[in-house]
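Fold and geometry: a report
Spelled out from the first residue to the last, the chains are:
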Amino acid sequence: LAAIAIPTFLAQREKAAIATCKSDARNAAEAAVLHAAEQPDGSFAGVDVAGALQEQGFNSSTGYETEAALDADGAVTITTTCVAPPGGTAVWTSAGDAAAGGAAVDEVRGEVVYTP
């Protein structure tokens, strides 16, 4: 019985860890969009985890590290690294911001992609 139960339990634990990793990236992305919506120019300028994202209500889960990076085109990339097993990263990237010629904040869509 243990030979059946233990692998099943471990698989469910791994799925939960991946779901948490993706959820953290998605929640940070939502906080970034909220931050941009409050900016007069609608840009993602000033997006960082310790400041702007936490001010919008983002809190990282224990065992997961989230970072935000802004590129030259005004797009923001949110990356959450799953420190605990199974590891991997979840990434969300915006289309860019209106101030840099990218999408307007209300048109920003992105899918969280998990990579083991």
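Everything below is about the structure printed above this text.
In this report, the structure presented in the accompanying data block is examined. (Residues numbered from 1 in each chain as written. Predicted model: local features only at pLDDT ≥ 70, side-chain atom pairs only at ≥ 80, totals over all residues. Heavy atoms only, no water.)

1. Considerations on the overall build of the protein
- When helices and strands are tallied, the protein shows 2 helices and 4 strands.
- What you see in the protein, going N to C, is helices and strands ordered as α-α-β-β-β-β.
- As displayed, the protein offers around 6,600 Å² of accessible surface, 54% of which is attributable to carbon and sulfur atoms. (Helix = DSSP H or I, 4+ residues; strand = E, 2+ residues; numbered from the N terminus. Areas by Shrake-Rupley, 256 points an atom, 1.4 Å probe, with all protein chains shown as cover.)

2. Here's the deal with the sheet that holds strand β3 (residues 89–93)
- Spatially, β1-β2-β3-β4 is the arrangement adopted by the 4 strands of the open sheet, whose pairing is antiparallel. Of all the strands in the sheet, the pair left with one neighbour each is β1 (64–70) and β4 (113–115). Across the sheet, the mean angle from the axis of one strand to that of its neighbour is 20°, orientation sign disregarded.
- When β1 meets strand β2 (residues 76–82), the two strands line up antiparallel, connected through 7 bridges. For Tyr64, the partnering residue across the bridge sits in β2 and is Cys82. (Pairing = 2+ DSSP bridges. Axes fitted to C-alpha atoms, helices over the stretch in contact; angles between N-to-C directions.)

3. Observations concerning the nonpolar core
- Ranked by internal contacts, the top residues of the largest apolar core, which has 23 residues, are Phe44, Leu53, Ile78 and Trp92.
- Those elements that place two or more of their residues in this core are α1 (2–38), α2 (49–55), β2 and β3.
- A per-element tally of this core places α1 first, with 10 residues.
- In this structure Ile78 touches Ala25, Ala28, Ala29, Ala32, Leu53, Thr66, Glu67, Ala68, Ala90, Val91 and Trp92, once residues within four positions along its chain are discounted. (Core = buried A, V, L, I, M, F, W, Y, C linked by side-chain atoms within 4.5 Å. Buried < 20%, exposed > 50% of the residue type's maximum accessible area, 1.4 Å probe, protein only. Contact = heavy atoms within 4.5 Å.)

4. Structural notes on the environment of Val112
- Relative to the assigned elements, Val112 resides in the loop between β3 and β4.
- Residue class for Val112 comes out buried when judged on its relative accessible area of 9%.
- Taking the C-alpha atoms as reference points, Val112 and Asp24, 88 residues apart in sequence, are found 9.8 Å from one another.
- In contact with Val112, other than residues within four places in its own chain, are Lys22, Ala25, Arg26, Ala90, Val91 and Trp92.

5. Considering the environment of Ile18
- Following the sequence through the fold, Ile18 ends up in helix α1.
- Distance in space between the C-alpha atoms of Ile18 and Pro116 is 8.8 Å, their sequence separation being 98 residues.
- Sequence-distant contacts of Ile18, that is, excluding residues within four places in its chain, are made with Pro86 and Tyr114.

6. Considerations on the side chain of Thr66
- Within the element layout of this structure, Thr66 appears in strand β1.
- For Thr66, the side chain forms a polar contact with the side chain of Thr80, separated by 3.0 Å.
- The residues touching Thr66, leaving out its near neighbours within four places in the chain, are Asp24, Ala28, Val49, Phe58, Ser60, Ile78, Thr79 and Thr80. (Polar contact = N/O pair within 3.5 Å; in protein donor to acceptor, adjacent residues only side chain to side chain.)

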